[in-house]
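Coordinate analysis (summary)
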Amino acid sequence: MELCTRTFTSFLLFNASFSSNSLLVRANANVTPFKFNSVKLSSLSPHIHLFQPFPSRQSSSPFTLSASSSSSVALGPEQDRLPAELKITETEEPNSRVRLHVEVPPLVCEDCYKRVIAEFMKQAKIPGFRPGKKVPESILISYVGRQNVQKATIESVLRRTLSHATTSVTGRALQDSVRIVTKFSEMEETYSSLGSLRYDVVVDVAPEIKWIPDNNAYKNLKIVVEIDSDIDAHRASEQEFRRHYKSIGSLKVVTDRGLQVGDVAVLDISATTIDPDESNVKNIPSAESKGFNFDTEDGDKVLPGFLDSIIGIQRGESKSFPLVFPETWKQENLHGVHAQFTVECKELFYRDLPELEDSIADKLLPRCTTVEQVKDYLLQRCLELEQTAREQATDNAILDQISKMVEVDIPQSLFEEQGRQLYGANLLEIQAKMKLNEQQLASLSSPKAVNEYLQHQKENITNLIKQNLAVGDIYRRENLQFATEDLVKEVENSIAEFKRQKQEYDEERVKDQVQEILEGAKVLEWLREHAEIQYITR
């Protein structure tokens, strides 16, 4: 699902745009943002918080508990000693999930019942009895309500037994993934009839990574990196120089000839599909444009054959011609489509450019005194961008390769967490660019919108998780390290940026994220040094 679509005039004709920052733009085009995320295990606090003290009997949904910091079932070493042993059956399930079937004996339930009665005894204010005085159990139960006592007892059992039940997954359980899936009504029924309790817990655990064909697979990578010809620094700097040069010229009306390369034309464009059966002919709306400013020097960026078909067209003249969208065209639905274009030239201009001499250097680029100085500066800038683009392309190729070399049974909770993080980041970016109103923001933040994103981006999210897990595994296997001062510096910079943007932040979470990024950077550095890398230009 695309979060935002921006429509540009006659976008369909152009397969790629090229601007003053085109080198950087093209280098990062179609690149999935990469962010390292380590697998978070549940905290080791012994506290257990339940959502509701008395869940509804009529509820049909599983009784769930979350391992978050606010409402958590945390797996911890400190455990309340039980008067009898629990019977626990562990079953491995798909997606790195473990199911624990827990049977609580009557002795434990009875002990929890006594504790609940004692607590109610302390807190209940029963007419005729002074606070803290012993109240006959039958009167207390009548006052509080047998149903409420029973529910409180079941909750007490869950609080006391859950940490014991999940001992086998302590250290492996993913944060926010521990859930009791047995319906509360079923637990009530069992307790009422048998005086014991049974419940099922499902836990997502840290997935195991299997390298193909073996654990040394990542040590001898052979990577082929495709580099777009447009990021070639020399070619890009020439185009950038030409753009600067054209910007100081003026446009003048052509009166005595047709269109030539170098001219700028204002065109009205329409297109239809070509079909022997006229009833099947359809307009191609995205190819229609009124008043489209077409710079003929950008002819290599439009549909092949378009420029050649309109060469010679004069102001006020129309031309109609067939073209075929190539199989490499950006819009997949137009691959191989035969189209009939009709173009009317509304205006025609030629550029009146000054003589290319040192006297115009400052106009081409401030503080430059010669044309050569302008060219040198632009080339140096493009060389820097080319290097950045090559490094980014190399990193992406490496990450793509290692994601294909690992087999991972991804837990659902990890998939959803990663997907929601990506969706949230995209939403923030859209909000910053478009200033969404409350209604638009609410619509894009709805569970339906998020779930659609998770569904449509499943492959991308899965690959990103595999990359993250593979990178973390390599970091541990190779005993890589980064400088502590780098962590401190980057954390300080990140916090300063949060403060500058007046945004709230969690310092520990910022530290975790910075650490993940630094670890990832170390792994990529190591992989680049040990990989055989070949660059080809497309």
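Residues numbered from 1 in each chain as written. Predicted model: local features only at pLDDT ≥ 70, side-chain atom pairs only at ≥ 80, totals over all residues. Heavy atoms only, no water.

1. Here's the deal with the overall build of the protein
- The helix and strand tally for the protein stands at 15 helices and 13 strands.
- Here the protein holds 538 residues, and the buried ones make up 40% of them.
- Considering only contacts within the protein whose residues lie at least 6 apart along the sequence, 75% involve residues at least 24 apart.
- Counting every atom, the protein has about 30,600 Å² of accessible surface; 48% of that belongs to carbon and sulfur. (Helix = DSSP H or I, 4+ residues; strand = E, 2+ residues; numbered from the N terminus. Buried < 20%, exposed > 50% of the residue type's maximum accessible area, 1.4 Å probe, protein only. Contact = heavy atoms within 4.5 Å. Areas by Shrake-Rupley, 256 points an atom, 1.4 Å probe, with all protein chains shown as cover.)

2. Brief notes about the confidence of the model for the protein
- Residues with a pLDDT of 70 or more make up 85% of the protein, whose mean pLDDT is 83.
- Within the protein, the element-level pLDDT minimum falls on helix α1 (residues 22–27), averaging 30, and the maximum on strand β2 (residues 97–104), averaging 97.
- Across residues 1–38, where pLDDT falls below 50, the model places 95 contacts with residues more than four positions away in sequence or in other chains.
- For residues 41–78, every residue scores under 50 in pLDDT, and the model assigns this stretch 96 contacts once sequence neighbours within four places are set aside. (pLDDT = per-residue confidence, 0-100.)

3. A look at the pattern of salt bridges
- Inspection of every chain in the model, using the stated rule, returns 26 salt bridges.
- Notably, a salt bridge pairs D111 with R160, separated by 2.5 Å at the nearest N-O pair. On the criterion of sequence distance, the pair formed by D111 in helix α2 (residues 106–123) and R160 in helix α4 (residues 146–165) is long-range, its members being 49 residues apart.
- Linking D300 and K301 is a salt bridge whose minimum nitrogen-to-oxygen distance equals 3.4 Å. (Salt bridge = Lys/Arg side-chain N within 4 Å of Asp/Glu carboxyl O.)

4. A few points about α2
- Under the 1.5 Å per step criterion, the end-to-end length of α2 is 26 Å for 18 residues, consistent within 8% with the ideal 26 Å.
- Where α2 is concerned, the buried positions are V108, C109, C112, Y113, V116, I117, F120 and M121.
- Buried-residue contacts for α2 involve β2, α3 (137–144), α4, α5 (184–194) and β4 (197–204). (Expected span 1.5 Å × (residues − 1).)

5. Let's talk about the environment of Y143
- Among the secondary structure elements, Y143 is positioned in helix α3.
- Under the relative-accessibility criterion, Y143 is labelled partly exposed at 46%.
- With 18 residues separating them along the chain, Y143 and K125 place their C-alpha atoms 9.4 Å apart.

6. As for the pairing of β2
- Where burial is concerned, the two faces of β2 differ: the one with V98, L100, V102 and V104 is buried and the one with R97, R99, H101 and E103 is not.
- In this structure, strand β1 (residues 87–93) lies alongside β2, joined through seven bridges in antiparallel fashion. If you follow E90 over to β2, its bridge partner there is L100.
- Pairing geometry for β2 and β4, over eight bridges, is antiparallel. Within β4, the residue paired with V102 across the bridge is Y199. (Pairing = 2+ DSSP bridges.)

7. As for the state of the cysteines
- One pass over the full model with this rule turns up zero disulfides.
- Cysteine C112 is unpaired, with the sulfur of C109 as its nearest cysteine sulfur at 6.6 Å.
- Look at C112 and you get buried, because its relative accessible area is 0%. (Disulfide = S-S within 2.5 Å.)

8. Focus on the sheet that holds β1
- Overall, antiparallel pairing links the four strands, which are arranged β1-β2-β4-β3 in an open sheet. Two strands bound the open sheet, and with one partner strand each, they are β1 and β3 (179–180).
- Those strands touched by α4 are β1, β2, β3 and β4, and its axis lies near 50° from that of β4. (Axes fitted to C-alpha atoms, helices over the stretch in contact; angles between N-to-C directions.)

9. Here's the deal with empty space enclosed by the protein
- Counted according to the given criterion, the structure contains three cavities of 30 Å³ or more.
- The calculated volume of the second largest cavity comes to roughly 50 Å³.
- Lining of the second largest cavity is provided by 11 residues; of these, M121, A124, R130, K133 and V135 occupy positions nearest its centre.
- Looking at the lining of the second largest cavity residue by residue, the classes come out as eight nonpolar, one polar and two charged. (1 Å grid on protein atoms, 1.4 Å probe; cavity = no way out; pocket = protein on both sides within 12 Å on 5 of 7 lines; lining within 4 Å. Points joined across faces, edges and corners; volume = space filled by probe spheres on them. Nonpolar A, V, L, I, M, F, W, Y, C, P; charged D, E, K, R; others polar.)

10. With respect to the environment of F341
- Assignment of secondary structure puts F341 in strand β11 (residues 338–352).
- Considered as a pair, F341 and S270 are 71 residues apart in the sequence and their alpha carbons are 5.8 Å apart.

11. Quick notes on the packing of helix α9 (residues 371–403) against helix α15 (residues 507–530)
- Running from amino to carboxyl end, α9 crosses α15 at an angle of 90°, the nearest separation of the two axes being 11 Å. The angle between the axes of α9 and α15 places the two elements in the roughly perpendicular class. Between α9 and α15, the residues in contact are T394, D395, I398, L399 and I402 and L524, L527 and R528, respectively.
- For the contact of α9 with α15, the class distribution of residues is five nonpolar, one polar and two charged. (Parallel < 35°, antiparallel > 145°, perpendicular 65-115°, else oblique.)

12. Examining the nonpolar core
- Core analysis: the biggest nonpolar cluster contains 48 residues, and W211, L221, I223, I402, I465, V523 and L527 have the highest contact counts within it.
- Setting aside anything within four residues of it in sequence, one finds L527 in contact with Y218, L221, I398, I402 and I474.
- The next biggest cluster of nonpolar side chains, apart from the first, holds 40 residues, and it includes V98, L100, M187 and L197. (Core = buried A, V, L, I, M, F, W, Y, C linked by side-chain atoms within 4.5 Å.)

13. Some details on unusual backbone geometry
- The peptide bond linking I212 to P213 adopts the cis configuration, its omega dihedral lying at 5°.
- Of note, P213 is situated in the loop between β5 (209–211) and β6 (222–227).
- In this structure, N95 takes a positive phi of about 60° despite not being glycine.
- Structurally, the position occupied by N95 is in the loop between β1 and β2.
- Residue class for N95 comes out partly exposed when judged on its relative accessible area of 36%.
- The phi dihedral of R367 falls on the positive side, at around 70°, and the residue is not glycine.
- Looking at the secondary structure, you find R367 in the loop between α8 (361–364) and α9.
- Classification of R367 as exposed rests on a relative accessible area of 74%.

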